[in-house]
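# A structural walkthrough
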Amino acid sequence: MRKHILIISSFLIFILACNKDADFLNTAPKDILTDDAVWKSEDLTLSVLADLYNRYPEQQTITNWAEFTNFDEGFPSEAGNYWRTKQVDYPYDWWNLWDYGYFRDLNLFVQKCQAADQLSADVRNRFVSEARFLRAALYFEEVKRMGGVPLILEPMEYNFSGDPTYLQHARAKESDIYDFVIAEMDTIKAILPDDASIKSRATKGVALAMQARAALYAASISKYGVNTPTVSLAGGEVGISADKSTAYYTKALAAAQEIISSGRYSLYKKKTEDLQDNFASLFYDKSNNPEVIFAQDFKLKSGKVEDWTLNNQPWSSAEEQQGGRVNPSLNLAQLYEKLDNTYSPFVTNTGSDYVYYDNPLDIFAGRDARLGGTIILPGTKFKGVPLDIWAGVMYWKNGQYNIITGDNFGDQDSIPVAGAPKSSQVVGADGPVDGLQFSAQTGFYVRKFMDQTVGSGQIGTRSEVWWVRYRYAEVLLNAAEAAFELGQNDVAATYINQVRERAGFTIPLGTITFDRIVHERRVELAFEGHELFDNKRWRLAHKVWNGETISAADLVTNIGKADKVNTMIYGLWPYKIYNPGNANDGKWVYKIVKPSNVTAAHRFKLGNYYSQIGSDILSNNPKLIKNPNQ
């Protein structure tokens, strides 16, 4: 009987549901926003725009730590990423980008927002200009990686005719894409807010900053492309003719100088009593920061946080059992000059003996403050906790120094010398231990973008430190480079010296050289995503990463040369001296080392200058041609 009741009840429910089908189909859904609703509401339109901001494309960011270890800035101290220092060649498709879904969404936003007459004119114009800024940013990012791409500024619709050929577009010239980005910034800069307090949305300041950067890139490719004549295509899809460089450099200088003369931005100088801490602070201080022009922001407890500090916190003070993944290289560290404006490797020996230091930090004394502001050095602190970075004990026995170390953080052992304690610490609590992930395998941890607040290294909390995309120091360096290339040496020196003065230099540079331009960008902008694209636009990448094995002796020569071969990552390890009764007992010495997981010399081939267009994309659009040397 019960079974029959269940069947009858189910049948009645089915009949009633069928009778209401018509009503159901005519009922507006309550969990989906209609087009009409969105474009009538400023808040809803802004939410759509916010999603477009969230899709901003980048190669290296603090949300993708491993990408910083692909070249020579850092070593990946995580077992799953050791392959990055074991590969020789870079795949042609590694940093490619072909996101026409994003382009379509941006074009749709521009089209629909322009027609949204229920929004006020000021709001509508600002929103449209922001979308055009994002669209230009995407084209800039694509041209940096791919060369010329199809320039599509309207949302395309398929007409279901069976013939999609009208949707297929050929690649524009590389110069056309740069010209588009530059022109868009000229159009929208007067519409966007001229407000330096706005950091995470488009403003006049970032429009000018993007224009200066894009024009500089185009100018460099135009000038230095003659050094790689095969890196070009006959139709101009790749390569920019040399006669365009002066105009591009002029535009880059003008855009940068418009920012400089506005007085809206300035170099961060809140902590002049400690220039290293001052430099580090500019990347996490969000309170009236005068240097940051445009940043990807994060907020605790909002669902939008980042884990750079979780991934890179020193092991001895880690809030989780992980961290230390990006180990800055000695290659980078030794680029930071002495304050007398000279390049010099760190002094580890006199030729016949080690150089003995009273404190681990002494070897780094008298250097560019950006060194300690970018890299956590042995003998420093993080979150107020002293770090313990040292590779082992060097003890004197049988007329020579011998080394004892451990296999794990802070290991204890017995030093095999009469009278030595039965158990002593023989390696730092932060390493370095060769092959031990999360330890400072180069002798260094990263400092830039690291969050000083408690909880920032916890999985459940993480960090709200922002990712700085454009800042005033880069504007000064862009202006300096453009002025240098235009023969305005004094102007170039003025801008570079401002950046260097903030780093503690008191002797201004006079003559500016190309080597000096390259150097200043490497030390100022380390771990900010510039190195790869700078070397590409200068046509230096195949020279710097040429696949040749380098030795420790090679590493410490020709420091500051723009085309110095830099294919393998090295480290600098401190050792504690144990030699009771000797004047050097308890002092520190250093050795240059190459981590055992660095087994290959990186090679950047001519085919890497422009990333590979996917075979599926090429087959779907016969109007496209592939990039050269692939």
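Here, every reference points to the structure presented above.
A brief structural summary. (Residues numbered from 1 in each chain as written. Predicted model: local features only at pLDDT ≥ 70, side-chain atom pairs only at ≥ 80, totals over all residues. Heavy atoms only, no water.)

For the rest of this paragraph, the subject is the overall build of the chain. When its secondary structure is counted, the chain shows 20 helices and 14 strands. In terms of overall size, the chain behaves like a compact globule, its C-alpha atoms giving a radius of gyration of 28 Å where 630 residues would be expected to give roughly 25 Å. With respect to the principal axes defined by its C-alpha atoms, the chain has extents near 100 × 85 × 45 Å. In the chain, which comprises 630 residues, the share counted as buried stands at 55%. Once local pairs closer than 6 in sequence are excluded, the contacts in the chain between residues at least 24 apart make up 72%. As displayed, the chain offers around 25800 Å² of accessible surface, 52% of which is attributable to carbon and sulfur atoms. Computed over 66 positive and 75 negative side-chain charges, the inter-centroid distance for the chain is 1 Å. (Helix = DSSP H or I, 4+ residues; strand = E, 2+ residues; numbered from the N terminus. Rg over C-alpha atoms; globule rule 2.2 N^0.38 Å. Buried < 20%, exposed > 50% of the residue type's maximum accessible area, 1.4 Å probe, protein only. Contact = heavy atoms within 4.5 Å. Areas by Shrake-Rupley, 256 points an atom, 1.4 Å probe, with all protein chains shown as cover. Lys, Arg positive; Asp, Glu negative; His and termini not counted. Charge placed at Lys NZ, Arg CZ, Asp CG, Glu CD.)

In this model, helix α9 (residues 245-262) (18 residues) spans 26 Å end to end at C-alpha, consistent with the 26 Å of a helix rising 1.5 Å per residue. Along α9, the residues classified as buried are Ser-245, Tyr-248, Tyr-249, Ala-252, Leu-253, Ala-255, Ala-256, Ile-259 and Ile-260. Mapping the buried residues of α9 onto a view down its axis gives an arc of 165°, with all of them on the same face. Those residues of α9 that are exposed and angled more than 90 degrees off the buried face are Ala-247 and Ser-261. Residues of α9 that are buried make contact with α7 (174-188), α8 (204-224), α14 (472-485) and α15 (489-502). A positive phi of about 75° marks Gly-263, the residue just after α9. (Expected span 1.5 Å × (residues − 1). Arc of directions from axis to C-beta.)

Next up on the list: the packing of helix α4 (residues 42-54) against helix α6 (residues 121-146). Interhelical geometry of α4 versus α6 gives an angle of 10° and a closest axis separation of 10 Å. Relative to α6, the element α4 is oriented roughly parallel. Contact with α4, carried on its side by Glu-42, Thr-45, Leu-46, Leu-49, Leu-52 and Tyr-53, involves Val-123, Phe-127, Glu-130, Ala-131 and Leu-134 of α6 and no other residues of that element. Across the contact of α4 with α6, the residue classes tally to eight nonpolar, one polar and two charged. (Axes fitted to C-alpha atoms, helices over the stretch in contact; angles between N-to-C directions. Parallel < 35°, antiparallel > 145°, perpendicular 65-115°, else oblique. Nonpolar A, V, L, I, M, F, W, Y, C, P; charged D, E, K, R; others polar.)

Another aspect to go through is unusual backbone geometry. The omega torsion of the bond from Gly-431 to Pro-432 falls at 5°, within 30 degrees of zero and hence cis. Mapped onto the elements of the fold, Pro-432 is located in the loop between β10 (424-425) and β11 (445-446). The backbone of Phe-160 sits at a positive phi, close to 60°, despite the residue not being glycine. For Phe-160, the position within the fold is in the loop between α6 and α7.

The subject of this paragraph is the layout of surface pockets. Counted as a void, the largest pocket has a volume near 420 Å³. Only α5 (100-114) and α20 (615-620) provide two or more residues apiece to the lining of the largest pocket. A per-element tally of the lining of the largest pocket places α5 first, with five residues. Residue classes in the lining of the largest pocket are distributed as ten nonpolar, six polar and two charged. Empty space within the second largest pocket amounts to approximately 310 Å³. Considering the residues around the second largest pocket, the lining is formed by 13 residues, among which Ala-50, Tyr-53, Asn-54, Ser-200 and Lys-304 are closest to the centre. Classifying every residue of the lining of the second largest pocket gives six nonpolar, three polar and four charged. (1 Å grid on protein atoms, 1.4 Å probe; cavity = no way out; pocket = protein on both sides within 12 Å on 5 of 7 lines; lining within 4 Å. Points joined across faces, edges and corners; volume = space filled by probe spheres on them.)

Structural measurements only, silent on function.
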